[in-house]
Amino acid sequence: MMLVFPILLSCLLGYLTCLFIFEERTLSDSRFLINLSFPIGLGISSLIFISFNLLHFHYLLILLIEIGLTALLLVKLKKVKRSFFKFEHFSLNKLILNPVLLFTTVIYLYSWLMDAGIFFFDTVKEPNGLWDAWAMWNMKAKVISQAPYNWPDLFGQMNMDSFHIDYPLLQTGFIARSWLLMGNESTYIPAIVAFIFAFCTIGLLYSSITFFTTKTEGLIAGLILLCTPFFMIMGDSQYADNTVGFFYLATIVLLTFAQSHTSLKPRLLILAGITAGLSAWSKNEGILFITCLIISQFTRLFFKNFRELAAELKYLFLGMLPVLIVVAYHKLAIAPTNDIIQAQGATTWAKLTDYSRYETVLNWYIAQFGTFGKWVLNPWWLFLIGILANGLSFNKNNGVISNSILLIIMLAGFFFIYIITPLDLTFHLSSSIHRLFFQLFPSFIFVYFIALKRKLPIKQFS
Amino acid sequence: MYDTQYIFKQVRKILFVFLLCILVWQQWSTFSAHQDQFLAPVEFTRNNYGNDYISQYGKRFEEARNFFTKPTILQYVGEANEDPSSGTFHYYLAQYYLAPNIVLNRNTVCDAIIYNLYNSKQVDIATNFHLNNGWHIAKNFNNGIIILSK
């Protein structure tokens, strides 16, 4: 019971928060809501825990705050009790009448169960996760849970080059909170957190593509992620790359929801802001994501005037703000300067003008595309086949242009970080490039499926 | 005359079936790599859970971790002449299992020194630098972990 309670409470908090923000009547498919809200709940719990912990609140008082917030949302949402866990009606007849859908559903369920099995077996083999998980995320969670009132001082004395003290605390904070509530350092907690992020990413991809297009396309989108061996390796390794990748995807999905409608959707934009903020609370790459997100939104000036765009950005920023305050406090008051930022100076220009560095990074990018995801067949061919069979559609309501630009700028951002890195370039590339690509992969699949040309335009969020 | 719409539709169907075949092939390949685990899950779990190197390594540190009643700054000393990658690995593991104590692998002002002698197990009292410069053994756990204090 003590194992599931801290996680269930966070999931419920996330679910109710999303339900509250969404305006309950607009969503009938709880499958989408569950996949979106559970990881958001984990993020909110982590944020609440670290914020109040820094104000020296006792962890039980912080728990009470979480419970109080959950109860408040329950009271506010009393009217929608009937819509809780309302799943779209499952029709066996519909499946039997559509053999393609039936076959795809069977493969999807088989793949889901198999990946869950692989996740379980890998966790049995490595219950502490792989290197970064135990040496950084979980180790810091141990420090916070064992010294909840002076962990910032202890972080300050740690070997910052070895343990990356500047990394944001979403995963670390949530694990520490759960360990504190449980009273022990169970390896199940980081494993369950990793499971939630990995499988909610798949579920969110499936349910959002299903919403915008068809169930078969949603299943195929989810299957691509389920069939990518390296995605499950990333998941059960307990690294934070799936965490940040989930929040990239959630932000892009929510923005697409908001922008598919002709009128302004403040609540969706606020939620997109929260998920973007939580990406910065997950990993430093999230800060780059927020920067790229804002830049990419300016491409929407082709379709709307500046005043409309400013209104959208205002709500987006409003959602980000509470998270960014905590991120900024962590960065300014607790974390040392990031090693890459700290090393910049006289050598930066020399690196920027060193052609061989560009060549090295470009070669790694190309090589990464060639061996992506440890597939038996390079998956890019499959995407190419989809484009050849359907064509692409760029219109003002599907957000494909701004989202594509966002992903391209992110790749360019990663590229330039490698150019200026103070670390040995080959070592840095070999240890991180595959993970950076994977952070963007679920978002890429989403944008790709939305961009495919089809007879009917994508549905709008009512 | 061929109906291009019809041909295009058939091509799309073929491509879709091809896509599903690739996905099934991929999943079959993934399954094959984990076949032993899927065929005997209980046995696999029983034989493997808790037996991984990281978990086993932690057992050496259980007593040492309980030795410190409050977070302590420790200077880390590994095996003499260990290769850098192995040394780093053991250092990280020591920090992981000793948290919230802070383990530093450099000369610095510290509350205690921890020796992690995973191979040699014992310090040479006669020649050890620290023991001959004001430090004494506060606790020897007889598993290669030795704590020195002033």
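Calculation notes
Residues numbered from 1 in each chain as written. Chains lettered and ligands numbered in written order. Predicted model: local features only at pLDDT ≥ 70, side-chain atom pairs only at ≥ 80, totals over all residues. Helix = DSSP H or I, 4+ residues; strand = E, 2+ residues; numbered from the N terminus. Rg over C-alpha atoms; globule rule 2.2 N^0.38 Å. Buried ≥ 20, exposed ≤ 12 C-beta atoms within 10 Å, placed from the backbone. Axes fitted to C-alpha atoms, helices over the stretch in contact; angles between N-to-C directions. Parallel < 35°, antiparallel > 145°, perpendicular 65-115°, else oblique. Contact = placed C-beta atoms within 7 Å. Nonpolar A, V, L, I, M, F, W, Y, C, P; charged D, E, K, R; others polar. Left-handed = near helix turned anticlockwise from the far one by under 90°. pLDDT = per-residue confidence, 0-100. Pairing = 2+ DSSP bridges.

Draft legend 1. Just the overall build of chain A, in detail. Of the regular secondary structure elements, chain A holds 22 helices and zero strands. Expected size for 462 residues packed as a compact globule is a radius of gyration near 23 Å; at 22 Å, chain A falls within 12% of this value. For chain A, the C-alpha atoms occupy an extent of roughly 65 × 60 × 50 Å along the three principal directions. Within chain A, buried positions represent 46% of all 462 residues.

Draft legend 2. Structural view of the packing of helix H2 (residues 30-54) of chain A against helix H9 (residues 170-182) of chain A. Residue and element names in this part refer to chain A. As a packed pair, H2 and H9 sit with axes 8 Å apart at the nearest point and diverge in direction by 75°. What the angle tells us is that H2 and H9 run roughly perpendicular. Residues Leu42, Gly43, Ser45, Ser46, Phe49 and Ile50 of H2 lie in contact with H9, whose contacting residues are Leu170, Gly173, Phe174 and Arg177. Taken together, the residues of the contact of H2 with H9 sort by class into five nonpolar, four polar and one charged.

Draft legend 3. Spotlight on unusual backbone geometry. The peptide bond linking Ala99 of chain B to Pro100 of chain B adopts the cis configuration, its omega dihedral lying at 15°. For Pro100 of chain B, the position within the fold is in the loop between helix H6 (84-98) and strand S2 (102-104). Although it is not a glycine, Gln238 of chain A adopts a positive phi angle of roughly 65°. Inspection of the secondary structure assignment puts Gln238 of chain A in the loop between helix H12 (229-236) and helix H13 (241-259). Residue classification places Gln238 of chain A among the buried residues on the basis of 30 C-beta atoms within 10 Å. Positive phi values are uncommon outside glycine, yet Asn81 of chain B reaches one of about 60°. Relative to the elements of secondary structure, Asn81 of chain B occurs in the loop between strand S1 (73-77) and H6.

Draft legend 4. Region of interest: H12 of chain A. Residues and elements named next belong to chain A. Listed in full, the buried residues belonging to H12 are Phe231, Met232, Met234, Gly235 and Asp236. The inward-facing, buried residues of H12 contact helix H5 (99-125), helix H10 (188-212), helix H11 (215-226), H13 and helix H22 (425-451). Just beyond H12, the residue with positive phi is Gln238, at close to 65°.

Draft legend 5. Inspection of the environment of Phe38 of chain A at higher detail. All names here are of chain A. Position of Phe38 relative to the elements: it lies in helix H2. Once the C-alpha coordinates of Phe38 and Phe416 are considered, the two residues, 378 residues apart in sequence, prove to be 34 Å apart. Residue contacts for Phe38: discarding those within four places in its chain leaves Cys11, Gly14, Ile196 and Cys200.

Draft legend 6. Region of the structure containing the packing of H13 of chain A against H22 of chain A. Residues and elements named next belong to chain A. For the pair H13 and H22, interaxial distance at closest approach is 8 Å and the crossing angle is 25°. Here H13 is positioned roughly parallel relative to H22, judged by the angle of their axes. Crossing of H13 against H22: the hand is right-handed. Residues Asp241, Val244, Gly245, Tyr248, Leu249, Ile252, Val253 and Thr256 of H13 lie in contact with H22, whose contacting residues are Arg435, Phe438, Gln439, Leu440, Pro442, Ser443, Phe446, Val447 and Ile450.

Draft legend 7. View of the confidence of the model for chain B. On average, residues of chain B carry a pLDDT of 89, and 99% of them reach 70 or more. Our summary of model confidence lists the complex with pTM equal to 0.93 and ipTM equal to 0.91.

Draft legend 8. A look at the interface of chain B and chain A. The partner chain A presents 33 residues to the 34 residues of chain B that form the contact. For the side of chain B that touches chain A, the secondary structure elements donating two or more residues are helix H1 (4-33), helix H2 (35-39), helix H3 (41-48), helix H4 (53-59), H6 and S2 of chain B. Here the element with the most residues in the side of chain B that touches chain A is H1 of chain B; it accounts for 14 residues. Across the side of chain B that touches chain A, the residue classes break down as 21 nonpolar, eleven polar and two charged.

Draft legend 9. Just the sheet that holds strand S4 (residues 136-140) of chain B, in detail. Residue and element names in this part refer to chain B. What the five strands build is an open sheet, ordered S2-S1-S3-S5-S4; its pairing is mixed. Every interior strand has two partners, whereas the edge strands, S2 and S4, have only one. Pairwise comparison of adjacent strand axes, ignoring direction, gives a mean angle of 30° for this sheet. As paired strands, S4 and strand S5 (residues 145-149) are joined by four bridges and run antiparallel to one another.

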